[in-house]
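One letter stands for each residue in the lines below.
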Amino acid sequence: MNTPQKIYVAGHRGMVGSAIVRALQSAPCRSGAPAANVLTRTHAELDLTNQAAVQEFFKQETPTQVYLAAAKVGGIHANNTYPADFIYQNLMMQANVIEAAYRNGVQKLLFLGSSCIYPRMAPQPMAEAALLTGTLEPTNEPYAIAKIAGIKLCESYNRQHGVDYRSVMPTNLYGPGDNYHPENSHVIPALIRRFHEAKLAGAPSVAIWGTGTPKREFLYVDDMAAASVFVMNLDNATYQANTSPMCSHINVGYGSDVTIAEVAQAVATATGYQGDITFDTTKPDGAPRKWMDSTRLNTLGWQAKVDLQEGLKRAYADFLTL
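What counts and how
Residues numbered from 1 in each chain as written. Predicted model: local features only at pLDDT ≥ 70, side-chain atom pairs only at ≥ 80, totals over all residues. Heavy atoms only, no water. Core = buried A, V, L, I, M, F, W, Y, C linked by side-chain atoms within 4.5 Å. Buried < 20%, exposed > 50% of the residue type's maximum accessible area, 1.4 Å probe, protein only. Helix = DSSP H or I, 4+ residues; strand = E, 2+ residues; numbered from the N terminus. Contact = heavy atoms within 4.5 Å. Pairing = 2+ DSSP bridges. Axes fitted to C-alpha atoms, helices over the stretch in contact; angles between N-to-C directions. Phe/Tyr/Trp six-rings, centres within 6.5 Å; stacked < 30°, edge-to-face > 60°.

1. Let's talk about the nonpolar core
Then step 1. By size, the foremost hydrophobic cluster in this structure holds 38 residues, and its most contacted members are Tyr8, Leu48, Phe58, Val97, Leu109, Tyr118 and Tyr165.
Then step 2. Taken together, the elements giving at least two residues each to this core come down to β1 (5-10), α2 (51-61), β3 (65-68), α4 (83-103), β4 (108-112), α5 (141-161) and β5 (164-170).
Then step 3. Not counting the four nearest positions on each side in its chain, leucine 48 is found in contact with Tyr8, Ala10, Val54, Ala70, Met92, Met93, Asn96 and Val97.
Then step 4. Grouped together as the second largest cluster of nonpolar side chains are 33 residues, Leu110, Leu219, Val221 and Tyr239 included.

2. A closer look at the sheet that holds β4
Then step 1. A sheet is described by the order of its strands in space; here six strands give the open sequence β2-β1-β3-β4-β5-β10, paired in parallel fashion. Each end of this open sheet is capped by a strand with a single partner; those strands are β2 (36-39) and β10 (250-252). Recorded for the sheet is a direction-independent mean angle of 25° between the axes of neighbouring strands.
Then step 2. Strands in contact with helix α1 (residues 15-26) are β1, β2, β3 and β4; relative to β1, the strand with the most contacts, it is inclined by about 165°.

3. A short note on the packing of aromatic side chains
Then step 1. Overall, the coordinates contain nine aromatic pairs when judged by the stated rule.
Then step 2. Here the aromatic rings of phenylalanine 86 and tyrosine 143 are separated by 6.4 Å at their centres, their planes lie at 80°, and the arrangement is edge-to-face. Separated by 57 residues along the polypeptide, phenylalanine 86 in helix α4 and tyrosine 143 in helix α5 bring together distant segments of the chain. Summarising the burial analysis for this pair, phenylalanine 86 and tyrosine 143 share the class buried.

Purely geometric numbers; function is a separate question.
Pasting the structure below:
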């Protein structure tokens, strides 16, 4: 970036949004000045489901770029209990921000999606071309449909209005700002909490659900933020040469996956837990594998930098500050 940008990060309090803010604020432009004037608003300050409020915000602030990381998220229980909330709120936030961006002259926008956009039985690793080729996972279908709509909103505005709105699809993320709730958190934060509490209690063993054989891919959140800034700043000719108008999204993954048993052992090491790890094979395993094909992004010149061991060390340090 040659001159400072005025960039709105929607969802700056979330794990990904806060990492994007860190990335933007730490990267000076070539002149040596700060790379960006980062705009943020809390939900109390700006309700993104309120179309008039969003339009007024864009009219008053006139950002030059937008990172759309705001979303209503939750685990399986929340998705099953509140499916209407998940599809309505995510659709409204996306539509309002993208429309307001276009109406107020924003030429560049990056939409952050989710790996759940792909069919539940998609071939592994999941490539961008797998989108809309099969049935979605039923437990989070409303959320996935909303995220697919976000991709298609960006593509449709590009085709009709000539703007440059892009989409990135992250794999499983972890790191600072994660949700460590004992019931609603994802795999890594849940394991960090369980092993930490087991260490404090002197528990002789920790039981993990399932056989430990399913494989998952994990990406440190600051790597995701770096990838987001990388994709946003690609010149238009390069971006278009590596995507297509109706398959424009880009997967962001670490590049390899690990078994649940391996990640459990890595978390135990990171937290200093020295007891045994057992597996409750009466509990479900879930999908045998979920792995993103990041060839498109890697070809463009980006690679993840933070390995699982270092990422877990940083994530545990963040957990200890809570």
